[in-house]
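# Coordinates in review
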Amino acid sequence: MAHRPVAAIAAVTLMFEAVGIALLNWILGLVVDRQQMSMGGLDTDAMSIGTWVGGGLFGLYLLVCGVVLLRTAVRDRAPGRLARILLVTCAVVHGLVGAFAVGLVGWPAFAFLMVVLGLIVLSLLGYEAERPAEAAGGGQDAPSPA
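On a predicted model such as this, the values are computed, not experimentally measured, just so you know.

### Description of the pattern of salt bridges
Tallying each qualifying case throughout the model produces one salt bridge. Taking the shortest distance from any N to any O, the salt bridge between Asp76 and Arg4 comes out at 4.0 Å. Note that Asp76 is positioned in the loop between α2 (44-75) and α3 (81-104) and Arg4 in helix α1 (residues 3-35), a separation of 72 residues in sequence.

### A word on the state of the cysteines
Counted according to the given criterion, the structure contains zero disulfides. Cys65 carries a free sulfur, and the closest cysteine sulfur to it, the one in Cys90, is 3.7 Å from it. Accessibility expressed as a relative area gives 0% for Cys65, which makes it buried. Residue Cys90 is classed as buried on the basis of its relative accessible area, which comes to 0%.

### Considerations on the packing of α1 against helix α4 (residues 107-128)
It is at 9 Å that the axes of α1 and α4 come closest, and there the two elements cross at 140°. Here α4 runs oblique to α1, going by the angle between their axes. Handedness of the α1/α4 crossing: left-handed. Of the residues in α4, those touching α1 at His3, Arg4, Val6, Ala7, Ile9, Ala10, Thr13, Leu14 and Glu17 are Phe112, Leu113, Val116, Leu119, Ile120, Leu122, Ser123, Gly126 and Tyr127. Tallied by class, the residues present in the contact of α1 with α4 amount to 12 nonpolar, four polar and two charged.

### Thoughts on the nonpolar core
The tendency in soluble globular proteins is for nonpolar side chains to be buried side by side. By size, the foremost hydrophobic cluster in this structure holds 21 residues, and its most contacted members are Leu14, Leu62, Leu69, Leu87, Cys90 and Ile120. Going through the elements one at a time, α1, α2, α3 and α4 are the ones with two or more residues in this core. Of all the elements, α1 adds the most residues to this core, at six residues. Discounting chain neighbours no more than four positions away, the residues touching Ile120 are Ala10, Leu14, Leu69, Leu87, Cys90, Ala91 and His94.

Rules behind the numbers
Residues numbered from 1 in each chain as written. Predicted model: local features only at pLDDT ≥ 70, side-chain atom pairs only at ≥ 80, totals over all residues. Heavy atoms only, no water. Salt bridge = Lys/Arg side-chain N within 4 Å of Asp/Glu carboxyl O. Helix = DSSP H or I, 4+ residues; strand = E, 2+ residues; numbered from the N terminus. Disulfide = S-S within 2.5 Å. Buried < 20%, exposed > 50% of the residue type's maximum accessible area, 1.4 Å probe, protein only. Axes fitted to C-alpha atoms, helices over the stretch in contact; angles between N-to-C directions. Parallel < 35°, antiparallel > 145°, perpendicular 65-115°, else oblique. Left-handed = near helix turned anticlockwise from the far one by under 90°. Contact = heavy atoms within 4.5 Å. Nonpolar A, V, L, I, M, F, W, Y, C, P; charged D, E, K, R; others polar. Core = buried A, V, L, I, M, F, W, Y, C linked by side-chain atoms within 4.5 Å.

Below is the structure:
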């Protein structure tokens, strides 16, 4: 099965996405700061710093998810329980952001996010399919009582 290349492609895609999200939020923070924009009377500095911190944290989250998938691909073993939970939350976030992206950015952004969602889900399911076979037989047949 091709679960190792799928996990590696998903990892690289998430890492590029992490850099893109962090860069986008950095640029948005600069725009807010330089144009002295305010929303509802909020301080401009608070808005720009909030944008930078939020983008950095979201980028870091995506980077950690990418590292987990890369580690899974390199080891060619299913991720542990905590890593699996992290990847499931990443898949859910991609589904939600994809739903918002249709209206705000357009169909190409939605398509990209759904491809990443599919890669994450395929990585999770590809490694899950091996576990029952390994646990059931253990790789060796027991001698029959005669």
